[in-house]
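Spelled out from the first residue to the last, the chains are:
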Amino acid sequence: VFFLALQLGTAIGFLLPPVLVPNTPNDIDLMAHNIGIMFYGTSIVSTLLFFLTGVVFEEKPKYPPSHSQAVLQTKPPEDYSYKQSIINLFKNIPFILLLISYGIMTGAFYSVSTLLNQMIVTHYEGEEVNAGRIGLTLVVAGMVGSIICGLWLDYTKTYKQTTLIVYILSFIGLLVFTFTLDLGYLIVVFVTGGVLGFFMTGYLPLGFEFAVEITYPESEGTSSGLLNASAQIFGIVFTLVQGKLTTDYSPRAGNIFLCAWIFVGIILTALIKSDLRRHNVNSGIMNLDVKAVSGDS
């Protein structure tokens, strides 16, 4: 649900700005007015969501959602050390490999999303609205990819295999997108953008789930926070470098830069040892016929 909400917000971000702020190069004052409306609207919505979060959400669910969570909740809170948890995670070599590979993939997605308008307009002048629609297509396809990948992962528990396959398909998708971007057919860009979004965005929940598996019993919030930090760092660096390459050379040069890094991510993902600690705990308790606590118990 978290990733679907995140992607839905990104989709709205692609769709609304070209509509709220149309390209009016001959009237800068109108453009500034439209940008102000968009920013004030964003501020109002964000403030409202901030207050709703404080009022509506609880700190944790009343009952543990799984056996592994039930085991963690038996430990007294004073035994938890955030500093020690960070140290333990950085001693976990599989997690470090995943931290870097997740940052590469997600950072590449952030970079492509940020510079998509520039890439489209370079080859299709005056198509700002369609650039937003292509971004919307990329994200909506990613929402579908996230659901399908999540269901497949829940059914098979093949965390490393699924993560690696989606990583490879994302690499192929970016290559196809890169070398078909300048063909002159927007419909091709819509299709290749959708395929790219399906796999790149579909990878996001896989990375989080895989991290929780190989870092259990460390806090999910700590590992997820580090993954997000890695994604932001790579995203900033990739966006700056790809933007420079796109401006000075061409969108193809910037995308090839990302392809090279994603190939490195494939190698790192292949090196991750798949130690499914959380799954093993759940399986061991279920073999003892102990049921997870539910609201009906």
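This is a predicted model, so every value here is computed, not measured.

**Focus: the UniProt feature "transmembrane region" (unreviewed entry) in the protein chain**
- Within this numbering scheme, the UniProt entry marks residues 37-57, 93-112, 132-152, 164-181, 187-212, 224-241 and 253-272 as carrying the feature "transmembrane region" (unreviewed entry).
- For residues 37-57, the helix share is 95%, the strand share is 0%, and the end-to-end C-alpha distance is 30 Å.

**Focus on the pattern of salt bridges**
- In the structure shown here, the tally under the stated rule is two salt bridges.
- Close ionic contact of Asp182 with Arg252 constitutes a salt bridge, the shortest N to O distance being 3.3 Å. Of the two residues, Asp182 is situated in the loop between helix 7 (159-180) and helix 8 (186-215) and Arg252 in helix 10 (residues 251-271); the sequence distance between them amounts to 70 residues.
- Of the residues examined, Asp182 reaches a relative accessible area of 38% and is grouped as partly exposed.
- Residue Arg252 is classed as partly exposed on the basis of its relative accessible area of 30%.
- Here Asp248 and Lys244 are joined by a salt bridge, their closest N and O atoms 3.2 Å apart. Here Asp248 pairs with Lys244, and both are found in helix 9 (residues 220-248), just four residues apart, close to one helical turn.
- Residue classification places Asp248 among the partly exposed residues on the basis of a relative accessible area of 42%.
- A relative accessible area of 52% places Lys244 in the exposed class.

**Here's the deal with unusual backbone geometry**
- Located in the positive-phi region is Lys157, a residue other than glycine, with phi close to 60°.
- Mapped onto the elements of the fold, Lys157 is located in the loop between helix 6 (128-156) and helix 7.

**Notes on the side chain of Thr269**
- Tracing the backbone through its elements, the reader meets Thr269 in helix 10.
- From its side chain, Thr269 meets the backbone oxygen of Gly265 in a polar contact 2.8 Å long.
- Non-local contacts of Thr269, meaning those with residues more than four positions away in its chain, are made with Ser101, Lys160, Thr163, Leu164 and Tyr167.

Each value, and the rule that gives it
Every chain is numbered on its own, with residues counted from 1 as its sequence reads. Reporting in this predicted model follows two pLDDT cut-offs: at least 70 for local features of residues, and 80 or more for side-chain atom pairs to be given and counted; totals over whole chains, interfaces and linings ignore these cut-offs and use all residues. Note that the side-chain values use all heavy atoms of the structure and ignore hydrogens as well as water. UniProt positions are given in the numbering used here, feature names are shortened, and annotations may be inferred rather than shown by experiment. Starting at the N terminus, helices and strands are each numbered in turn, a helix being any DSSP run of H or I of at least four residues and a strand any DSSP run of E of at least two. In the sections that follow, a salt bridge refers to a side-chain nitrogen of Lys or Arg positioned within 4 Å of a carboxyl oxygen of Asp or Glu. Accessibility here uses a 1.4 Å probe with only protein chains present; expressed as a share of the type maximum, an area under 20% marks a residue as buried, one over 50% as exposed, and anything in between as partly exposed. N or O atoms within 3.5 Å of each other form a polar contact, as long as, within protein, one can give a hydrogen and the other can take it, and as long as residues adjacent in sequence are counted only when both atoms are side-chain atoms. In what follows, residue pairs with any heavy atoms lying within 4.5 Å of each other are defined as contacts.

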